[in-house]
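Coordinate inspection notes
As a plain string of letters, each chain reads:
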Amino acid sequence: MLRIQYFCVTRKTTKLSHSFSEAIDLIKKAKHIVAFTGAGISVESGIPPFRGAQGLWSKYDPQVLELYYFFDNPKESWIVIKEIFYDFFGKAKPNDAHKGLAILESKGFIKEIITQNIDNLHQEAGSKVVHEFHGNSQQLICTSCKSTYKASEINLNKLPPLCLKCNSLLKPDFIFFGEGIPQDAYFASLAAAEKADLFILIGTTGEVMPACQMPYIAKENGAKIIEINPETSKFTHTITDVFLKEKASIAMNHIIKSL
Ligand code: APR
Ligand code: ZN
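Residues numbered from 1 in each chain as written. Chains lettered and ligands numbered in written order. Predicted model: local features only at pLDDT ≥ 70, side-chain atom pairs only at ≥ 80, totals over all residues. Heavy atoms only, no water.

Further remarks concern the confidence of the model for the protein. The predicted model of the protein has a mean per-residue pLDDT of 92, with 95% of residues at 70 or higher. Note on residues 1-7: pLDDT under 50 across the span, and 30 contacts to partners over four residues away in sequence or across chains. (pLDDT = per-residue confidence, 0-100. Contact = heavy atoms within 4.5 Å.)

Below you can see the structure in the form of C-alpha cells.
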C-alpha cells in the first residue's frame, strides 16, 4: 500500500535556466509531454494552497484528514471537510492555467496530466487524460458497503452523511493521510513518468510522497523538466531545467500565445 509521507529525495542534478524561449523550444520538440500539477494551479480559481502563508494548513488542523481521526470524530471531521472541500471548493471554476492545459492537450502537445488536486478543475476545463493521484472530492464512498455517490446527490447539511443503502458513514473519495494511493492512478502516473520526455510541473511544493516521486522518475528516464511557480520548490534546485517564476495562468497564457 502506498502512503503519503512528507519527504522526497532531493539531489542537485541540473543547471537551472529561466529562459521562456527555451521552455517553448522544449515544448515544440517534445514527443510525450506530461503535466504534473499541485494546489498552486487552482489558487487563481480561489482555492488556497495547502502550505505557505495563507495555506489551508495554517487555518485548519490537517488532522481532520487523518483516517483514524475521521473514524473517531466523524462529525467534527465532516464539518471542516464540508467547509473546505464543498462550500469553498464547490464554487471554484477552472482558470486560464487549467484551460491552457486542455488547449495544449487538444492540440496534441500535452498527452496526460498527473494531478495531486481533488478539485476536478482539470476535467471541468476539458482535459481528457487526468490521473488523480489523491482522488476526487466530487465523489463520496461508503466506508462499509463501498457504494459511491456524487457529492451533489447527498445532503451535506446533515453531518456526518450516511450511506443511502446501509446507513454507514460516507467518506469523500479522496485519500486521507495514512490512506493508500488509488492503485490505478499510481500505476498510470508511473507509466507516464517513464514515457515522458518533458514534464511541466505547475504549482507544487514537491513535498508530498509518493506523488513527488513522479518528476524524479521522469528525470531519471531522461525527461526535461519545466517548472511554473512564483516560488521555488523542492524540485527547483534539484531536477528543474527551466524555471518560469510566474503564476500559472500568466505563464500558461504566454505559452499558448507562443506556440
Ligand atoms: N501559480 C502557480 N503556483 C502557485 C500559485 C500560482 N498562482 N500560487 C501558489 N503556488 C505554488 C506555491 O508556491 C507552492 O509551491 O503552489 C504550491 C502549493 O503548494 P502546496 O499547498 O504544498 O500544494 P501541493 O504541492 O499540491 O501539496 C501536495 O499535499 O496536503 C497534501 O494532498 C494534499 O495534494 C496535496 C499535497
Ligand atoms: Zn453503504
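In terms of nonpolar packing, the biggest core is built from 31 residues, with Leu65, Trp78, Ile81, Phe85, Tyr86 and Leu140 touching the most fellow members. Among the secondary structure elements, those contributing two or more residues to this core are α2 (67-72), α3 (74-88), β4 (135-142) and β6 (170-174). The residue makeup of this core includes at least three contributed by each of domain 1 (1-47 + 94-134 + 181-259) and domain 2 (48-91 + 137-174). Core analysis: the next-biggest nonpolar cluster, separate from the first, contains 25 residues, Ile110, Ile200, Ile226 and Ile228 among them. (Core = buried A, V, L, I, M, F, W, Y, C linked by side-chain atoms within 4.5 Å. Buried < 20%, exposed > 50% of the residue type's maximum accessible area, 1.4 Å probe, protein only. Helix = DSSP H or I, 4+ residues; strand = E, 2+ residues; numbered from the N terminus. Domains from an automatic or database assignment.)

What follows covers helix α6 (residues 183-195). Here α6 is 13 residues long and its end C-alpha atoms lie 18 Å apart, about the 18 Å a rise of 1.5 Å per residue gives. Among the residues of α6, Ala185, Tyr186, Ser189, Leu190, Ala192 and Ala193 are the ones counted as buried. Within α6, the buried residues cover an arc of 160° as seen down the axis, which keeps them to one side. Within α6, the exposed residues directed more than 90 degrees away from the buried face are Asp184 and Lys195. Those residues of α6 hidden inside the fold are in contact with β1 (33-37), β2 (110-115), β3 (130-132), β7 (198-202) and α7 (213-220). (Expected span 1.5 Å × (residues − 1). Arc of directions from axis to C-beta.)

For the rest of this paragraph, the subject is the coordination of the zinc ion (ligand 2). Protein coordination of the zinc ion (ligand 2) is provided by Cys142 (SG), Cys145 (SG), Cys163 (SG) and Cys166 (SG), with donor distances spanning 2.2 to 2.3 Å. One can describe the donor arrangement at the zinc ion (ligand 2) as tetrahedral, given that its 4 donor atoms subtend angles of 100 to 119° at the metal. For the zinc ion (ligand 2), the single-chain donor residues occur in sequence as C-x2-C-x17-C-x2-C. Of the two residues, Cys145 sits in the loop between β4 and β5 (148-150) while Cys166 sits in the loop between β5 and β6, which places them 21 residues apart along the sequence. Residue class for Cys145 comes out partly exposed when judged on its relative accessible area of 35%. (Donors = N, O, S within 2.8 Å, 3.2 Å for Na, K, Ca; no water. Tetrahedral: all angles 85-135°; square planar, octahedral: opposite > 155°, others 65-115°.)

This next bit is on the sheet that holds β3. Hydrogen bonds between backbone atoms are what pair the strands of a sheet, whose relative direction is either parallel or antiparallel. In spatial order, the strands read β3-β2-β1-β7-β8-β9; together these 6 strands make up an open sheet with parallel pairing. In this open sheet, the two strands that pair with only one neighbour each are β3 and β9 (242-244). Each adjacent strand pair in this sheet contributes to an overall mean axis angle of 20°, direction not counted. In the sheet, β1 pairs with β2 via 5 bridges, with the strands oriented parallel. What sits directly across from Phe36, in β2, is Ile114. The sheet strands contacting α7 are β1, β2, β7 and β8 (224-228), and the helix crosses β7 at an angle near 155°. Taken strand by strand, helix α8 (residues 248-258) contacts β7, β8 and β9, and its axis lies near 125° from that of β8. (Pairing = 2+ DSSP bridges. Axes fitted to C-alpha atoms, helices over the stretch in contact; angles between N-to-C directions.)

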